[in-house]
Amino acid sequence: MNIFAGMWSRFSRRPWLVRRAVADAVVLTTILALVFALLDYFGLLENEHGGFHVLAPLISHEKLSQLGSLMLVLSSFGMIFIARRFVDIRNQLRQQNLRDARAKAESRRDPLTGLANRRHFNETLIEEIRAADENNAKFALLLMDLDRFKPINDVFGHEAGDVVLKQVAERISKASTDAVCIARTGGDEFAILVSHKTGHTDFGHIAEKILRHFEPVFEIDDKAVRIGASMGIAFYPSAGDDAEALFRHADVALYNAKRNGRNRYCLYAEEMDSAVRNMSELAPDIKRGLRESEFVPYFQPLVDLRSGRAVGMEVLARWQHPVHGLVGPDRFIPVAEALDMVGEVTFQVMRKACSAAVNWKPPLFLAVNISPGQLRDQWLAERILAVLTETGFAPSRLEVEITENSLVEDIDVARAILYSLKNQGMRIALDDFGTGYSSLIHLRDLPLDKIKIDRSFVTSLKTDIGSAKIVSAILGLVTSLGLPTVAEGIESEDVARILSELGCSYGQGYLYSRPIPLEEVEKRYLNAGEEVAPAEPKTALRA
Ligand code: C2E
Ligand code: CA
Ligand code: CA
């Protein structure tokens, strides 16, 4: 019974098989009918009463004899045909089953790396949750995101990126031999499921092992590149009792690992979730702040190190919050960036700064900060120009500060934007120099007017020999290219002197002034008839 049921289910799933079976049945019936006629003719079907001889009135004995021989031959062919058809159908069934199995496997696999895909991973995760519930066990979900992968695609092309992703998949597989499932869940995102079955209680050591496998360089043709990985780990059942909650919490831990400097792993803890929630709660507040025009510019002077006079002002955003008071950019710029609202914040601040500075005497230049996300906006140059036109501020008095990290996203779009800013008469400064990627390529290929050496090197200039050497090397390199340099974060006279002796052109830092509000700029730097004020004492206003 079971055999018939199985066959029927196989047939009913494939309509072409049913059609074939019907055709074969028709052929078989015809052959049987002919054989029956033949038997009848030879009287084999006659009984003792002379019954069943049905064809005699229609055809002569001789013809019927010839027809009979023909039928015999035909029916033998028919039999062979049926046997072949049977074998044929059986083979086709087998092949179809193989194809089905292969298609099923393909639909669960990431074609590039051969790892599981997201769909398969989700199914396994749900299965694992069920098993863990039955056995009262726990397991871990690791989410992983590559660090410094995007530049590889940008610099070496997507094929090179694919080569690296394959190597990454191999390394993860090697490092996590006892994982239940490893998947590539997105471009450079991976997920690993480590089960209770493996007997691990300390799931962190798997993350450490994976990180160790990322230490050797990756190879693309004859080039060697370094890639890191950040990981977030969520445990079942403590971090969530369904797949969705586990994914969300592992993602929160991953975000935290990235925020803490990347190339590390982070275990999910409830407090992290509230931090991320705070961030999403800030979104409507930022929107309201924009509507109420609460974002204002503060100004920090850029000083000529030789004369000690201010030559320009860097515009730094502050949020005059009705409840929290004055909020610094480190608290809201990253959130605004994540929510794609940083452009609006920057433009609100820029508009206010430009309309205030348009009539400054002396006409100090303004330096404005542009976020990485903004350099993806191909209309950025036009938007900045619109602000300048609206406020009447001359493009030649505007310096646009970009960071190296913003160049790795899409260097071609960024380059086009920078050239159009230059064509409009603005200047471009490379901010936080020394902390980003492939600085030398940028120095050679981009239309830069100024380099700002990152505060981290300047602050430790006196105490750390390494920093001193780096600053000296940067100054040598940049000045040999004919570009002026600005040292950020100067807090003491000694450091200012050393920098000046090393050939640095400009400085910025608490030694001269903290960022100050507009009224303070007007009081200190814009006194009628007076040249720009010299360096401020360290007791300057706090901002
Ligand atoms: P940044 O462009 O590197 O700005 C310099 C930061 O260093 C400022 O922090 C400034 O207050 C601080 N600083 C200056 N001199 C010293 C010093 O001597 N010692 C120390 N310890 N710090 C010093 P701030 O104002 O908190 O700004 C932080 C960052 O926020 C800025 O870094 C910039 O990247 C970003 N930012 C500020 N305003 C805007 C804006 O309007 N748009 C965008 N996209 N980013 C902004
Ligand atoms: Ca800056
Ligand atoms: Ca900076």
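About the criteria used
Residues numbered from 1 in each chain as written. Chains lettered and ligands numbered in written order. Predicted model: local features only at pLDDT ≥ 70, side-chain atom pairs only at ≥ 80, totals over all residues. Heavy atoms only, no water. Pairing = 2+ DSSP bridges. Helix = DSSP H or I, 4+ residues; strand = E, 2+ residues; numbered from the N terminus. Axes fitted to C-alpha atoms, helices over the stretch in contact; angles between N-to-C directions. Near = heavy atom within 4 Å. Polar contact = N/O pair within 3.5 Å; in protein donor to acceptor, adjacent residues only side chain to side chain. Areas by Shrake-Rupley, 256 points an atom, 1.4 Å probe, with all protein chains shown as cover. Nonpolar A, V, L, I, M, F, W, Y, C, P; charged D, E, K, R; others polar. Salt bridge = Lys/Arg side-chain N within 4 Å of Asp/Glu carboxyl O. Core = buried A, V, L, I, M, F, W, Y, C linked by side-chain atoms within 4.5 Å. Buried < 20%, exposed > 50% of the residue type's maximum accessible area, 1.4 Å probe, protein only. Contact = heavy atoms within 4.5 Å. Donors = N, O, S within 2.8 Å, 3.2 Å for Na, K, Ca; no water. Expected span 1.5 Å × (residues − 1). Left-handed = near helix turned anticlockwise from the far one by under 90°.

1. Topic: the sheet that holds strand β7 (residues 265–267)
Paired through backbone hydrogen bonds, the strands of a sheet run either parallel or antiparallel to each other. Pairing is mixed across the open sheet formed by 5 strands, whose spatial order is β2-β3-β1-β6-β7. What marks the edges here is a single partner per strand, and that holds for β2 (181–186) and β7. On average, each strand axis in the sheet is tilted by 20° relative to the strand beside it, whichever way the strands run. Inspection of the sheet shows strand β6 (residues 228–236) paired to β7 by 3 bridges, in the parallel sense. What sits directly across from Met231, in β7, is Tyr265.

2. With respect to the site of ligand 1
In the vicinity of ligand 1 there are 23 residues, among which Ala317, Ser371, Arg455, Glu491 and Tyr510 approach most closely. Here Arg455 contributes a side-chain N or O atom positioned 2.6 Å from an oxygen atom of ligand 1. Within the contact set of ligand 1, an oxygen atom lies 2.8 Å away from a backbone nitrogen or oxygen of Tyr510. In isolation ligand 1 offers 800 Å² of accessible surface; the protein chains occlude 84% of this area. Looking at the shell around ligand 1, the elements with two or more residues in it are β9 (310–321), α10 (329–338), α11 (342–357) and β13 (427–433). The biggest single contributor to the shell around ligand 1 is β9, with 4 residues. Classifying every residue of the shell around ligand 1 by side-chain character gives 8 nonpolar, 7 polar and 8 charged.

3. Quick notes on the pattern of salt bridges
Across all of its chains, the model carries 24 salt bridges by this definition. Residue Glu123 is joined to Arg119 by a salt bridge in which the shortest nitrogen-to-oxygen separation is 3.6 Å. Of this pair, Glu123 and Arg119 both sit in helix α4 (residues 118–135), 4 residues apart, which is roughly one turn of the helix. Through salt bridges with shared partners, one network takes in Glu314, Glu401, Lys452 and Glu488.

4. Quick look at the nonpolar core
Leu366, Ile384, Leu398, Ile490 and Leu499 are the most contacted members of the largest nonpolar core, which has 75 residues in total. It is α11 that provides the largest number of residues to this core, a total of 8 residues. Not counting residues up to four positions away in its chain, the partners in contact with Leu499 are Leu305, Val458, Leu461, Val471, Leu475, Ala487, Ile490 and Cys504. Counting residues in each nonpolar core, the second largest holds 33 residues, with Phe190, Ile210, Phe218 and Ala229 among its members.

5. Re the coordination of the calcium ion (ligand 2)
Around the calcium ion (ligand 2), the donor atoms from the protein are Glu314 (OE), Asn369 (OD1), Glu401 (OE) and Asp431 (OD), and they sit 2.1 to 2.3 Å away. Read from N- to C-terminus, the donor residues coordinating the calcium ion (ligand 2) fall into the pattern E-x54-N-x31-E-x29-D. Here the calcium ion (ligand 2) and the calcium ion (ligand 3) are spaced 3.9 Å apart, linked through Asp431, which binds each one. Here Asp431 lies in strand β13 and Asn369 lies in strand β11 (residues 365–369), a separation of 62 residues in the sequence. With a relative accessible area of 5%, Asp431 lands in the buried category.

6. Re helix α6 (residues 158–175)
With 18 residues, α6 ought to run about 26 Å at 1.5 Å a step, and its terminal C-alpha atoms sit 25 Å apart, in line with that. What α6 keeps buried is the set Ala160, Gly161, Val164, Leu165, Gln167, Val168, Ala169, Arg171, Ile172 and Ala175.

7. Brief notes about the coordination of the calcium ion (ligand 3)
Only Asp431 (OD), Asp432 (OD), Glu488 (OE) and Glu488 (OE) from the protein coordinate the calcium ion (ligand 3), and they sit 2.0 to 2.7 Å from it. Written as a sequence motif, the donor residues of the calcium ion (ligand 3) are D-D-x55-E. Glu488 sits in the buried class, given a relative accessible area of 10%.

8. Brief notes about unusual backbone geometry
Following Tyr236, the chain continues to Pro237 via a peptide bond in cis, the omega torsion being 5°. Across the junction of Lys361 and Pro362, the peptide omega takes the value 0°, indicating a cis bond. Phi is positive for Asn136, close to 55°, though the residue is something other than glycine. Position of Asn136 among the secondary structure elements: in the loop between α4 and β1 (139–147). For Asp221, which is not a glycine, the phi torsion comes out positive at approximately 50°. Looking at where Asp221 falls in the secondary structure, it is placed in the loop between β4 (218–220) and β5 (223–225).

9. Topic: the side chain of Thr485
Looking at the element boundaries, Thr485 is found in strand β15 (residues 485–487). On the basis of relative accessible area, Thr485 is assigned to the buried category, the value being 0%.

10. Notes on the packing of α11 against helix α12 (residues 380–391)
The N-to-C vectors of α11 and α12 enclose an angle of 35°; their axes lie 9 Å apart at closest approach. Relative to α12, the crossing made by α11 is right-handed. Between α11 and α12, the contacting residues are Phe347, Met350, Arg351, Cys354 and Ser355 on the first element and Leu380, Arg383, Ile384, Val387, Leu388, Glu390 and Thr391 on the second. Its residues assigned to classes, the contact of α11 with α12 comprises 7 nonpolar, 2 polar and 3 charged.

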